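Analysis of the macromolecular model
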Amino acid sequence: MLNRKEALIYSAMELFGDNGYPNTSTAMIAKHAKVSEALIFKHFHTKEGLLRAVLKTGYSEVILSNKGMLNEKDPLALVFKVLELPSHLVNKHPIFWKMQARMMNQPAAKEAHANFMQPVHKLLVEAFDEIGYPKPIMETELLLLIVDALWKQLVKDPDFDCDTMITFVQQKYSQEQLPR
């Protein structure tokens, strides 16, 4: 059973995902959470404060539920695990990722996502360098664009066959012949 503060966070997450941030009022969130609107301001001070709490909660849950997922020592296996992230994360946290996809134009959401992806970027650059790619930073940015497109498409269309696309890209990385 959620306490009232948690109810506000999860109600906001769901409504921001359904309606977008600008179209979701604090009154709507309070009604959905079955609490008074004043409670939002007591706990979060502003709607923006509530948004930041929603983002912090969502990313904390994502990180906690995927702890150790990127501790792979083999560089190609790490690349493969990063490619699997969209399917894994969206399936485990669909409401959060729906909200995040809808809110990527909000500065707080952009910042939270960039902070979440920063360690992944660093690990991929190191992996592509170790594998022998001549431009590991560019390769990382290309892979992260693919990952970004995959999770957004999966949120938009739950019937999208993300796993087939992941397998296709993994096969390309497996078959590439790199000059050594």
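Looking at the layout of surface pockets
- Approximately 290 Å³ is the volume found for the largest pocket.
- Among the secondary structure elements, those contributing two or more residues to the lining of the largest pocket are helix H4 (47–65), helix H5 (75–92) and helix H7 (107–131).
- Counting residues per element, the lining of the largest pocket draws most heavily on H7, which supplies five residues.
- By residue class, the composition of the lining of the largest pocket is ten nonpolar, four polar and one charged.
- Size it by volume and the second largest pocket reaches roughly 170 Å³.

Examining H4
- Along its 19 residues, H4 runs 27 Å from first to last C-alpha, staying within 8% of the 27 Å computed at 1.5 Å per residue.
- Among the residues of H4, Lys-47, Leu-50, Leu-51, Ala-53, Val-54, Leu-55, Thr-57, Gly-58, Tyr-59 and Val-62 are the ones counted as buried.
- Buried residues in H4 make contact with helix H1 (4–19), helix H2 (26–33), helix H3 (37–44), H5, helix H6 (94–102) and H7.

Comments concerning the nonpolar core
- In this structure, Phe-16, Val-79, Val-82, Trp-97, Leu-143 and Tyr-173 are the most contacted members of the largest nonpolar core, which totals 58 residues.
- It is H7 that contributes the most residues to this core, ten residues altogether.
- With near-sequence residues (within four places) excluded, Val-82 lies in contact with Leu-70, Val-120, Leu-124, Leu-143, Leu-144 and Val-147.

A few points about the environment of Lys-98
- Along the chain, Lys-98 turns up in helix H6.
- Under the relative-accessibility criterion, Lys-98 is labelled partly exposed at 37%.
- Sequence separation between Lys-98 and Asn-66 is 32 residues, and the spatial gap between their C-alpha atoms is 18 Å.
- In this structure Lys-98 touches Gly-17, Asp-18 and Val-155, once residues within four positions along its chain are discounted.
- Within the structure, the side chain of Lys-98 is placed 2.5 Å from the side chain of Asp-18, a separation counted as a polar contact.

A closer look at the pattern of salt bridges
- Across all of its chains, the model carries five salt bridges by this definition.
- Across the pair Lys-81 and Glu-72 runs a salt bridge whose closest N-O atoms are separated by 3.7 Å.
- The residue Asp-148 makes a salt bridge to Lys-152 at a minimum N-O spacing of 2.9 Å. A residue pair is termed a helical-turn pair when its members lie 3 or 4 positions apart in one helix, as Asp-148 and Lys-152 do in helix H8 (residues 136–156) at four residues.
- Judged by its relative accessible area of 21%, Asp-148 falls in the partly exposed class.

Concerning unusual backbone geometry
- Within the chain, Lys-34 stands out as a residue other than glycine whose phi angle is a positive 60 degrees.
- Within the secondary structure, Lys-34 sits in the loop between H2 and H3.
- Residue classification places Lys-34 among the exposed positions, given a relative accessible area of 74%.
- Unlike most non-glycine residues, His-45 shows phi in positive territory, near 70 degrees.
- Relative to the helices and strands, His-45 resides in the loop between H3 and H4.
- For His-45, a relative accessible area of 61% gives the class exposed.

Digging into the packing of H2 against H3
- In contact at an axis separation of 8 Å, H2 and H3 are set at 105 degrees when each is read in the N-to-C sense. With respect to H3, the element H2 is oriented roughly perpendicular. Contacts between H2 and H3 involve Thr-26, Ala-27, Ile-29 and Ala-30 from the former and Glu-37, Ile-40 and Phe-41 from the latter.
- Residues of the contact of H2 with H3, tallied by class, amount to five nonpolar, one polar and one charged.

About the criteria used
- Along each chain, numbering runs from 1 in the same order as the chain's sequence is written.
- Selection of residues for local features in this predicted model requires a pLDDT of at least 70, selection of side-chain atom pairs for listing and counting requires 80 or more, and totals for whole chains, interfaces and linings are taken over all residues.
- Only hydrogens and water are set aside when side-chain values are computed; all heavy atoms of the structure are taken into account.
- Space inside and on the surface of the protein is sampled on a 1 Å grid over the protein atoms alone, with a cavity defined as a set of points where a 1.4 Å probe fits but cannot get out and a pocket as an open set with protein on both sides within 12 Å along at least 5 of 7 lines; lining residues have an atom within 4 Å of a point.
- Grid points are joined across faces, edges and corners, and a volume is the space filled by probe spheres set on the points.
- Under the DSSP-based scheme used, a helix requires at least four consecutive residues in state H or I and a strand at least two consecutive residues in state E, with every element numbered from the N terminus.
- Residues are grouped as follows: Ala, Val, Leu, Ile, Met, Phe, Trp, Tyr, Cys and Pro are nonpolar; Asp, Glu, Lys and Arg are charged; all remaining types, including Gly, are polar.
- To estimate the expected span of a helix, count its residues, drop one, and scale the result by 1.5 Å.
- The classification of residues rests on relative accessible area computed with a 1.4 Å probe and restricted to protein chains. Under 20% of the type maximum is buried, over 50% is exposed, and intermediate values are partly exposed.
- Contacts are residue-level and defined by heavy atoms, with any inter-residue pair within 4.5 Å sufficient.
- Note on terminology: a nonpolar core comprises buried Ala, Val, Leu, Ile, Met, Phe, Trp, Tyr and Cys residues joined through side-chain atoms within 4.5 Å.
- Definition of a polar contact: a pair of N or O atoms within 3.5 Å, with one able to donate and the other able to accept a hydrogen when the atoms are protein atoms, and with sequence-neighbouring residues admitted only if both atoms are side-chain atoms.
- What makes a salt bridge here is a side-chain nitrogen of Lys or Arg within 4 Å of a carboxyl oxygen of Asp or Glu, nothing more.
- Note on geometry: axes are C-alpha line fits, over the in-contact stretch for helices, and angles between N-to-C directions span 0 to 180 degrees.
- Roughly parallel here means an angle under 35 degrees, roughly antiparallel means over 145, roughly perpendicular means 65 to 115, and every remaining angle is called oblique.

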